[in-house]
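Below are the chains, spelled out letter by letter.
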Amino acid sequence: MPTRINPSILAADFANLERELGRIASADLVHVDIMDNHFVPNLTFGPPVVERLLQVSPLPFDVHLMIENPERWAPGYAEAGAFSVTFHAEASPDPVALARRLRSIGARAGIALKPGTDVEPYLELLAEFDQVLVMTVEPGFGGQSFMASTMPKLSRLAEAVRSSGLDVWLQVDGGITEETIVIAAEAGANTFVAGSSVFNAADPAEQIARLRAAADEHTHAH
Ligand SMILES: O=C(CO)[C@@H](O)[C@H](O)COP(=O)(O)O
Ligand SMILES: [Co+2]
């Protein structure tokens, strides 16, 4: 079962982002957290910065929209060349329509669930999404602790993906370290976002390799 390690640049040195992107070139995707200070109590960056970083990045972008009104903004990230665009279920009035629009532009469509959001309503919609992001922290900030309470939701999702036969990537995001990645992989995740544990490491490439080894050892084939 292929696994993916997607470092989040939220934890990177914003004064040297091109250099920071080079330090994580051995990862799979760059996770880019977009925050609007409405959906979450934090503000990061928007389309102009993402478009310019895409031009210098060694890896494709996995854009995570923690914003209100994703219908207004998500297509622009896809048009700018993002590999995947994930929006929050809690912010969209019609997630299926938005996912179809993202796919029509050529991006992978992802849906994200906050820790308190029930997964059941989305299980019958799995064919509409290329990836499901289970937040393992409350969205808005890096450096938080992994919420093991979200694992039953992830296991339920993994069971539904297995029985559907669909190739939906199961992503976890928040507090992923060498220890917590094992818990998430055992619960069914195959795509892992890691910000602090990568960019706070002395050698991010070594840390990416350690995370990948742990994920590969504990990830189950769906
Ligand atoms: O979306 C978010 C936070 O809202 C995440 O992508 C964080 O950026 C992950 O950072 P760490 O918890 O790994 O430090
Ligand atoms: Co994120």
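Residues numbered from 1 in each chain as written. Chains lettered and ligands numbered in written order. Predicted model: local features only at pLDDT ≥ 70, side-chain atom pairs only at ≥ 80, totals over all residues. Heavy atoms only, no water.

1. Re the nonpolar core
Across soluble globular proteins, you tend to see nonpolar side chains buried next to one another.
Part 1 of the argument: If you look at the biggest cluster of nonpolar residues, it comprises 64 residues, and the most contacted ones within it are Ile9, Val32, Ile34, Phe61, Val85, Leu154 and Phe192.
Part 2 of the argument: Take this core: its biggest share by element is six residues, from helix H6 (residues 151-164).
Part 3 of the argument: Discounting residues that sit within four places of it in the chain, leucine 154 has contacts with Val134, Leu170, Val172, Ala184, Ala187, Gly188 and Ala189.
Part 4 of the argument: Of all hydrophobic cores here, the second largest spans five residues; its members include Met35, Phe39, Met66 and Ala91. (Core = buried A, V, L, I, M, F, W, Y, C linked by side-chain atoms within 4.5 Å. Buried < 20%, exposed > 50% of the residue type's maximum accessible area, 1.4 Å probe, protein only. Helix = DSSP H or I, 4+ residues; strand = E, 2+ residues; numbered from the N terminus. Contact = heavy atoms within 4.5 Å.)

2. A look at the UniProt feature "binding site: substrate" (unreviewed entry) in the chain
Part 1 of the argument: Per the UniProt record, "binding site: substrate" (unreviewed entry) is annotated on Ser8, His64, Gly140, Phe141, Gly142, Gly143, Asp173, Gly174, Gly175, Gly195 and Ser196. Lining residues of the largest pocket, restricted to the annotated ones just named, are Ser8, His64, Gly140, Phe141, Gly142, Gly143, Asp173, Gly174, Gly175, Gly195 and Ser196.
Part 2 of the argument: For glycine 140, the location among the structural elements is in the loop between strand E6 (131-135) and H6.
Part 3 of the argument: In this structure glycine 140 touches Met35, Val40, Asn42 and Met66, once residues within four positions along its chain are discounted.
Part 4 of the argument: Along the polypeptide, glycine 174 turns up in the loop between strand E7 (169-173) and helix H7 (180-187).
Part 5 of the argument: Its relative accessible area of 9% is what places glycine 174 among the buried residues.
Part 6 of the argument: With near-sequence residues (within four places) excluded, glycine 174 lies in contact with Thr136, Val137, Phe146 and Val193. (UniProt positions renumbered as here; feature names shortened; annotations may be inferred. 1 Å grid on protein atoms, 1.4 Å probe; cavity = no way out; pocket = protein on both sides within 12 Å on 5 of 7 lines; lining within 4 Å.)

3. Some points on the side chain of serine 92
Part 1 of the argument: Take serine 92: it is sitting in the loop between strand E4 (84-88) and helix H4 (95-105).
Part 2 of the argument: By relative accessible area, which is 10% here, serine 92 ends up buried.
Part 3 of the argument: Among the polar contacts made by the side chain of serine 92, one reaches the side chain of glutamate 71 at a distance of 2.5 Å.
Part 4 of the argument: Excluding residues within four positions of it along the chain, serine 92 makes contact with Pro70, Glu71, Phe87 and Leu98. (Polar contact = N/O pair within 3.5 Å; in protein donor to acceptor, adjacent residues only side chain to side chain.)

4. A closer look at the pattern of salt bridges
Part 1 of the argument: Within this structure, the stated rule accounts for 10 salt bridges.
Part 2 of the argument: As a salt-bridge pair, glutamate 20 and arginine 19 come within 3.1 Å of each other at their nearest N and O atoms.
Part 3 of the argument: On the basis of relative accessible area, arginine 19 is assigned to the partly exposed category, the value being 45%.
Part 4 of the argument: Across the pair glutamate 178 and arginine 210 runs a salt bridge whose closest N-O atoms are separated by 3.5 Å. In this pair, glutamate 178 is assigned in the loop between E7 and H7 and arginine 210 in helix H9 (residues 204-218), connecting sequence segments 32 residues apart.
Part 5 of the argument: By relative accessible area, glutamate 178 is classed as partly exposed at 34%.
Part 6 of the argument: On the basis of relative accessible area, arginine 210 is assigned to the partly exposed category, the value being 35%.
Part 7 of the argument: Among the charged side chains, a network of salt bridges with common partners joins Asp13, Arg19, Glu20 and Arg23. (Salt bridge = Lys/Arg side-chain N within 4 Å of Asp/Glu carboxyl O.)

5. Remarks on the environment of proline 41
Part 1 of the argument: The topology assignment puts proline 41 in the loop between strand E2 (30-35) and helix H2 (47-56).
Part 2 of the argument: Take proline 41: its relative accessible area is 60%, and that puts it in the exposed class.

6. Digging into the coordination of the cobalt ion (ligand 2)
Part 1 of the argument: Distances from the cobalt ion (ligand 2) to its protein donors, His31 (NE2), Asp33 (OD), His64 (ND1) and Asp173 (OD), fall at 2.1 to 2.2 Å.
Part 2 of the argument: The site at the cobalt ion (ligand 2) holds six donor atoms, and with the angles between them running 73 to 177°, its shape is octahedral. (Donors = N, O, S within 2.8 Å, 3.2 Å for Na, K, Ca; no water. Tetrahedral: all angles 85-135°; square planar, octahedral: opposite > 155°, others 65-115°.)

7. Re the sheet that holds strand E5 (residues 108-113)
Backbone hydrogen bonds are what pair the strands of a sheet, in a parallel or an antiparallel way.
Part 1 of the argument: Read from one edge to the other, the open sheet built from eight strands follows the order E1-E8-E7-E6-E5-E4-E3-E2, with strand pairing classed as parallel. Each edge of the sheet is formed by a strand with only one pairing partner; in this case those strands are strand E1 (4-7) and E2. Going across the sheet, the axis of each strand differs from the next one's by a mean of 25°, ignoring polarity.
Part 2 of the argument: Both E7 and strand E8 (residues 191-194) contribute to a ladder of three bridges, which runs parallel. Bridged to valine 172 within E8 is phenylalanine 192. (Pairing = 2+ DSSP bridges. Axes fitted to C-alpha atoms, helices over the stretch in contact; angles between N-to-C directions.)

8. Here's the deal with the pairing of E1
Part 1 of the argument: Residues Arg4 and Asn6 of E1 are buried on one face, and the alternating residues Ile5 and Pro7, pointing to the opposite face, are buried as well.
Part 2 of the argument: Bridging between E1 and E8 involves four bridges; their strand directions are parallel. In the sheet register, isoleucine 5 faces E8, and the bridge partner there is phenylalanine 192.

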